[in-house]
Amino acid sequence: MTVHKEVSFLAYLLVLGMFILVSATDHHDPKKCKECGNFTYGICPRSEGSPKNPICTNCCSGYKGCRYYSADGHFICEGKSDPRKPNVCPRNCDPKIAYSKCPLQEGETIIKPTRCTTCCTGYKGCYYFDKDGKFACEGESTEPKACTLECDPKVAYMTCPSSKSTKLTKICANCCTAKEGCKLYGHDGSLLCTGDIKNH
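Residues numbered from 1 in each chain as written. Predicted model: local features only at pLDDT ≥ 70, side-chain atom pairs only at ≥ 80, totals over all residues. Heavy atoms only, no water.

### Some points on the state of the cysteines
And then number 1: Under the defined criterion, the tally for this structure stands at nine disulfides.
And then number 2: At a sulfur-sulfur separation of 2.0 Å, the disulfide partner of Cys 59 is Cys 77. Linking Cys 59 and Cys 77, the disulfide has an S-S dihedral of approximately -100° and is accordingly described as left-handed. A residue pair is termed long-range when its members are at least 10 positions apart, and Cys 59 in the loop between strand E1 (39-43) and strand E2 (67-69) and Cys 77 in strand E3 (residues 75-78) qualify at 18 residues.
And then number 3: Using a relative accessible area of 9% as the deciding quantity, one classes Cys 77 as buried.
And then number 4: A sulfur-sulfur separation of 2.1 Å characterises the disulfide bridge that pairs Cys 119 with Cys 137. Because the torsion about its S-S bond is -100°, the bridge between Cys 119 and Cys 137 counts as left-handed. Residue Cys 119 is found in the loop between strand E5 (110-111) and strand E6 (127-130), and its partner Cys 137 is found in strand E7 (residues 135-138); the two are separated by 18 residues along the sequence. (Disulfide = S-S within 2.5 Å. Helix = DSSP H or I, 4+ residues; strand = E, 2+ residues; numbered from the N terminus. Buried < 20%, exposed > 50% of the residue type's maximum accessible area, 1.4 Å probe, protein only.)

This is the structure:
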């Protein structure tokens, strides 16, 4: 009888310990995700410019994590300015810099207004600032992949549930732009991919 009670007590402690561990590792506060944030703006360092359309910046004011290149592709420098605490830098354009490569790709660098964004729903790599202009937090959510509109030359035809599996041949699509449930096939008839709702 005593052994049974000891086993039950140990089982209780084990369950309690697992509950505490799960609670401690849960980084997202459900309340924080549901409520609207009180941000004035956000900064998302993104790749900008091109050899034909150079950007106006310099190594001092360039964002940390971004690498800056000349029009002919030579590496110039890595940005030195932390978006959370920007450097005081000269405003001159470095004529050697044409474009940047950053962890985040396409999209707006300055997010204003932020609408109902919170620390939980904001994107990783983006920094959000409160009404006083002070750094509030970095986003915690993974940004959805942006689809290119390029036509994949490997695609010969597509079938979709809405077209009742009719072969659609005159299309411009790729695996990212294909709608949910649509299937893309190659010229040899092999299945290339199926459209995913996550891409839309």
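### Some points on the pairing of E7
And then number 1: In terms of strand pairing, E6 meets E7 through three bridges, oriented antiparallel. Following the sheet pairing, Tyr 127 is matched in E7 by Glu 138.
And then number 2: Taken together, E6 and the strand that follows it, E7, pair antiparallel across an intervening segment of four residues, in which Gly 133 is found at a positive phi of about 80°. (Pairing = 2+ DSSP bridges.)

### Examining the nonpolar core
And then number 1: Judged by nonpolar contacts, Ile 43, Ile 55, Cys 59, Tyr 63, Cys 66, Tyr 68, Cys 77, Ile 97, Cys 102, Tyr 127 and Phe 129 together constitute the single largest core of 11 residues.
And then number 2: When sequence neighbours within four positions are dropped, the list of residues in contact with Tyr 127 reads Tyr 41, Gly 42, Ile 43, Pro 45, Pro 83, Arg 84, Phe 135, Cys 137 and Glu 138.
And then number 3: Residues Met 158, Cys 160, Ala 178 and Cys 193 belong to the second largest nonpolar core, which totals eight residues. (Core = buried A, V, L, I, M, F, W, Y, C linked by side-chain atoms within 4.5 Å. Contact = heavy atoms within 4.5 Å.)

### Considerations on the packing of aromatic side chains
And then number 1: With the rule as written, the count across this model stands at seven aromatic pairs.
And then number 2: Geometrically, the ring pair formed by Tyr 69 and Phe 75 is edge-to-face, given 5.8 Å between the ring centres and 65° between the ring planes.
And then number 3: Classification of Tyr 69 by relative accessible area gives buried; the value is 12%.
And then number 4: Here Phe 75 falls in the partly exposed class, since its relative accessible area comes to 40%.
And then number 5: Between Tyr 157 and Tyr 185, the ring centres sit 4.9 Å apart and the planes meet at 10°, which makes this aromatic pair stacked. Note that Tyr 157 is positioned in strand E8 (residues 155-159) and Tyr 185 in strand E9 (residues 183-186), a separation of 28 residues in sequence. When sorted by exposure, Tyr 157 lands in the same class as Tyr 185, which is buried.
And then number 6: The ring centre of Tyr 69 lies 5.3 Å from the NZ or CZ of Lys 101, which sits over that ring. (Phe/Tyr/Trp six-rings, centres within 6.5 Å; stacked < 30°, edge-to-face > 60°. Lys NZ or Arg CZ within 6 Å of the ring centre and 35° of its normal.)

### Considering the sheet that holds E9
And then number 1: Pairing is antiparallel in the open sheet, where three strands are placed in the order E8-E9-E10. At either end of the open sheet lies a strand with only one pairing partner, and these are E8 and strand E10 (191-194). Averaged over all adjacent pairs, the angle separating strand axes in this sheet is 25°, with direction ignored.
And then number 2: Bridge count between E9 and E10: three bridges; the pairing is antiparallel. Residue pairing for E10: Lys 183 is matched across the bridge by Thr 194. (Axes fitted to C-alpha atoms, helices over the stretch in contact; angles between N-to-C directions.)

That's the geometry; what it means functionally is another story.
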